[in-house]
Amino acid sequence: MLKGLCIADDSLWPTLALAFQTLGVVYGDMGTSPLYVFADVFSKVPIGSDDDVLGALSLIMYTIALIPLAKYVFIVLKANDNGEGGTFALYSLICRYANVNLLPNRQQADEQISSYRLKLPTPELERALKIKETLERTSFLKNMLLVLVLIGTSMIIGDGILTPAISVMSAISGLQDQINGFGTGEVVSISIVVLVALFSIQRFGTGKVGFMFAPVLALWFFSLGSIGIYNILKYDITVVRALNPAYIYYFFKNNGKSAWSALGGCVLCITGAEAMFADLGHFSVPAIQIAFTCVVFPCLLLAYMGQAAFLMKNPTSYSSVFYKSVPASLFWPVFVIATLGAMIASQAMISATFSCVKQSMALGCFPRLKIIHTSRKFMGQIYIPVINWFLMIMCIVVVSIFRSTTDIANAYGIAEVGVMMVSTTLVTLVMLLIWQTNLFLAFCFVLVFGSVEVIYMSSVLSKIFEGGWLPLAFASFFLSVMYTWNYGSVLKYRREVREKISMDLMLDLGSNLGTVRVPGIGLLYNELVQGVPSIFLQFLLSLPALHSTVVFVCIKYVPIPVVPQEERFLFRRVCPKDYHMFRCVARYGYKDVRKEDHHAFEQLLIESLENFLRKEALEAALELEGNLTDNLDSISVDMRNSDLAAGNGVEELRIPLIHGQNLEGIGTSTSHEAASTLLPSSYMSSDEDPGLEYELAALREATESGFTYLLGHGDVRAKKNSFFFKKLVINYFYAFLRKNCRGGTANMKVPHTNIMQVGMTYMV
């Protein structure tokens, strides 16, 4: 029993420490909502009686209990992708189970990654298989699923603009009643100064200031709860009657259409609820659940109940109810904490926007941008300069134009509810497709939460002309950018697949490839995972000589968060041995960080290539004796599996460059006697295998001569017989994005003297 207690303590304290940290990262946005919720609700509905206050309070209480608590804490958090959350995590989870990704570069070898396989709670059901087949067969559904994910992503980016604007303005507005002559103009000016300072420190990274986030937010939640209890006891303890949901009915009965309009303000009490799922990768499910149920939920309820109790006695003070309900002696400390809390809430949303854009780029849905990693310890802490300054400019524009938290709140509600509706749809699909949940339970999930969100969306959409158009404009802009990039990239990839060089042509060229082979290693970067890319022919026509060893390198992102380092690379031979041509597929997850410079990558590549050649020789020797084991067969790469034997280059890549040391131990480390029984007498070491020794010597000679990066500069154009709209999108919009995005040479930190580029036009 003592042993079990110690184990429980060992796991409990780290979880509690993580739960404390979530206060500063996950709950900042939701924690600052008491600054403006009641002010927005009662700007739509005048307070005519106590029932109006109790009705609004009851709405807020049950909204928090239903959406963040019931939906996210107990259901959505379980739909994580190996510990990662968010819209793209759900999409990746679905893409792994059903082949719905529009980019046709999926390989069977990807499913051998340890974190790729899905753990299903129940045996496969016929319904799940039918859904899977329907999704894979219907291109319209694939496109709709992608558009849905992109809409959710666009809304999150919109939140990155609106959250800093409304949070900072709400905090600064508390000075209006405290300082004489401090009006709207002063609030706007100081808010802009704070926003500029906030975005200016982003380049230093959240880690530099993150140590103070959790304590400040913990103090903020303590203040909310304490002030709430104070107001309940001082003004009206009977406010607890709002626990009776009947007051919601009275609220709508007394106010009619105005009450429905006030729902747009009520929904602001759950702003940031999506962050509980989106930021899951930095914490754990128990930590987020403990923080919300034990700290955030009770403190928010007490805060809203305290404000409602204050409004029961002071109904005309609704416009600045938060600061007016604070005891006068505590105003300045609370103001400072509120301002810091607003900045932290904004910081969390800005960081989430950076992560969201990075995931979009990894899955081929956003133009390449410069990404700066601000922490050596935490991979997820990044900074994207272009996005940062775009968010800052948009925040300043929003604050300058609207000049009121009420109008910004109208826009804010649409973005929040839009993201929630997307997550509800995707989680329902996960329930049916992967969890194989009972159909009735899945129906109840979408009916209960979906209907509540639709009602809220109908309310906030009525504010289209009062600021609600703003998130729709942002979402439309980013949706157009992301879908255009994905559409053009898919067309380009399919064109490359159709135009890849046939093996017959490679054989006709011979091992010299119709040119002169000189010592050195040429790394030809391309997007194909199979076959010889057509850009290679352009190099043969343009260069008087070619390197003695050529490696086709493909950087590929797979729909999982992180690929283990030992499973990252796939390697295989292209053409017969005397061609000295290989293909390397480097696989990354959407959360992976490519930190290695070109020297580290080159060294890793050569070491892995040498391991591959030894394993290939080992397998060939074992096959001669007919002793090929099942384990070796699962990672074999012989000539029968090469592109030459396949003819059309559609065979799967199977050999990891770095596959641990298990195979190495067969011939070298653990038992030389066991190795001798496995290996034929004709193959005992590299010294006794002239073919292997020759290839290794040639590889070392090529390495000493240096590396050259062969890059293709592709111009994508629509075919002349294409529709006008396709020509417009590809020739102008997509071409503009390709021209202004970050180029391949910039992503690699390679000296320009080591780079060769040729141009090629793809007609799609």
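Residues numbered from 1 in each chain as written. Predicted model: local features only at pLDDT ≥ 70, side-chain atom pairs only at ≥ 80, totals over all residues. Heavy atoms only, no water.

Novice: Run through the pattern of salt bridges, naming residues and quoting values.
Specialist: Applying the stated rule across the entire model yields 7 salt bridges. With a closest N to O distance of 2.5 Å, Glu 499 and Arg 495 form a salt bridge. Given the relative accessible area of 18%, Arg 495 is considered buried. Taking the shortest distance from any N to any O, the salt bridge between Glu 695 and Arg 573 comes out at 3.1 Å. Residue Glu 695 is found in helix α28 (residues 690-705), and its partner Arg 573 is found in strand β5 (residues 569-574); the two are separated by 122 residues along the sequence. According to the relative accessible area criterion, Glu 695 is buried, its value standing at 8%. Salt bridges sharing common partners tie together Lys 492, Glu 496 and Glu 527. (Salt bridge = Lys/Arg side-chain N within 4 Å of Asp/Glu carboxyl O. Buried < 20%, exposed > 50% of the residue type's maximum accessible area, 1.4 Å probe, protein only. Helix = DSSP H or I, 4+ residues; strand = E, 2+ residues; numbered from the N terminus.)

Novice: Kindly report on the confidence of the model for the protein chain, identifying the contributing residues and their values.
Specialist: Averaged over the protein chain, the pLDDT score is 77; the fraction of residues at 70 or greater is 82%. Taken as a whole, residues 628-687 scores under 50 in pLDDT and shows 124 contacts with residues more than four places along the chain or in a different chain. (pLDDT = per-residue confidence, 0-100. Contact = heavy atoms within 4.5 Å.)

Novice: Before we move on, could you go through the pairing of β5 and cite the residues and values that matter?
Specialist: Within β5, 6 of the 6 residues are buried, which leaves it mostly tucked inside the rest of the structure. Hairpin geometry of β5 and strand β6 (residues 581-588) is characterised by an intervening segment of 6 residues between the two adjacent antiparallel strands and by a positive phi of about 70° at Cys 575. (Pairing = 2+ DSSP bridges.)

Novice: Give me a nonpolar patch on the surface: which residues, what numbers.
Specialist: On the surface, a cluster of nonpolar side chains totalling about 330 Å² of accessible area is made up of Phe 443, Val 446, Leu 447 and Val 448. Topologically, Val 448 is positioned in helix α19 (residues 439-461). Given the relative accessible area of 37%, Val 448 is considered partly exposed. (Patch = residues over 30% accessible without salt bridge, like charges linked within 9 Å, V, L, I, M, F, W, Y side chains within 5 Å. Areas by Shrake-Rupley, 256 points an atom, 1.4 Å probe, with all protein chains shown as cover.)

Novice: Tell me what's going on with the packing of helix α4 (residues 50-73) against helix α14 (residues 285-313), and back it up with residues and numbers.
Specialist: Look at α4 against α14: their axes get within 10 Å of each other, and the N-to-C directions meet at 170°. By the angle between their directions, the pair α4 and α14 is classed as roughly antiparallel. Residues Asp 50, Val 53, Leu 54, Leu 57, Ile 60, Met 61, Ile 64, Ala 65, Pro 68, Leu 69 and Val 73 of α4 lie in contact with α14, whose contacting residues are Gln 289, Phe 292, Thr 293, Phe 297, Leu 300, Leu 301, Tyr 304, Met 305, Ala 308, Leu 311 and Met 312. Looking at the contact of α4 with α14, its residues break down into 19 nonpolar, 2 polar and 1 charged. (Axes fitted to C-alpha atoms, helices over the stretch in contact; angles between N-to-C directions. Parallel < 35°, antiparallel > 145°, perpendicular 65-115°, else oblique. Nonpolar A, V, L, I, M, F, W, Y, C, P; charged D, E, K, R; others polar.)

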